[in-house]
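Secondary and tertiary structure notes
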Amino acid sequence: FKGIVYNPEKIKEDDVMCPPYDIISDELKEILYNKNPYNIVRIDYGKNSPQTDKYSLAKQYLNEWLQDGILVQEKEPCFYGYEIHYSYKNKKKILRGVIGIVRIEELGKGIYPHEQTYSKPKTDRLNLMKACMANTSLIFSIYRSKERITSQILEKLKNPYLQAKDLNGNIHKLFKIKENSQINKIVEEFK
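Description of the structure in this document. On a predicted model such as this, the values are computed, not experimentally measured, just so you know. (Residues numbered from 1 in each chain as written. Predicted model: local features only at pLDDT ≥ 70, side-chain atom pairs only at ≥ 80, totals over all residues. Heavy atoms only, no water.)

Some details on the side chain of Lys29
As for its position among the elements, Lys29 is in helix H2 (residues 26–35). Dropping the residues within four chain positions of it, Lys29 is found in contact with Ile24, Val41, Tyr45, Gly46 and Lys47. (Helix = DSSP H or I, 4+ residues; strand = E, 2+ residues; numbered from the N terminus. Contact = heavy atoms within 4.5 Å.)

Right, dumping it as structure tokens:
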């Protein structure tokens, strides 16, 4: 898909990084708002203003940031590799994944739910998607493959497009996967 990503020439990656919306406290939201005027929290988990609601503001920020080149849309479809370098029980770990899009399937036809979801957060995310005509929140999924084709591609990625340190000191890296042979292998494995 033709993702929308930050332009590293216009921002400092550490300053625009924020955790998923559903774990951000009101206090952390204020910290992130004040950290940088282009922090993604303003779009993904915004605040109402006296003049307008948070969804209209999110759309306004998204459009302004695209117009000003803070965010840029890919010209060609690609996948993205994502890595988080973190420590657990004093051991260094790396979590790797691939960012892409999937077709909505009938429940149980290849993609299965893993947790109970609540109507208020679902309504919030749907309202944000409708306002922005974009999905700003990743949905994490786990997949299993004996061949590990996608995993092998992810393990070999070098030179991240973006790299940021989060508030806990974890390092996040985003890679663009544009090579047709790699894209085709990922698509085939996920089929």
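As for the nonpolar core
Generally speaking, soluble globular proteins have nonpolar side chains that are buried together. Among the nonpolar cores identified, the biggest contains 21 residues, and Tyr6, Ile43, Trp65, Leu71, Tyr80, Cys132 and Leu174 are the most heavily contacted of them. Elements supplying a minimum of two residues to this core: strand S1 (4–6), helix H4 (54–67) and helix H5 (119–132). The element best represented in this core is H4, accounting for six residues. When near neighbours in sequence (up to four residues on either side) are disregarded, Ile43 contacts Ala58, Tyr61, Leu62, Trp65, Leu71, Leu128, Cys132 and Thr136. (Core = buried A, V, L, I, M, F, W, Y, C linked by side-chain atoms within 4.5 Å. Buried < 20%, exposed > 50% of the residue type's maximum accessible area, 1.4 Å probe, protein only.)

As for the sheet that holds strand S3 (residues 79–88)
Hydrogen bonding along the main chain pairs the strands of a sheet, whether they run parallel or antiparallel. Ordered by their spatial adjacency, four strands build an open sheet running S4-S3-S6-S5, and the pairing between neighbours is antiparallel. On the outer flanks of this sheet lie strand S4 (91–99) and strand S5 (162–165), each paired with one strand and no other. Geometrically, the sheet is characterised by an average inter-axis angle of 15 degrees between neighbouring strands, direction not taken into account. Of the strand pairs in this sheet, S3 and S4 are connected by nine bridges, and their pairing is antiparallel. Within S4, the position partnered with Tyr80 by the bridge is Ile99. (Pairing = 2+ DSSP bridges. Axes fitted to C-alpha atoms, helices over the stretch in contact; angles between N-to-C directions.)

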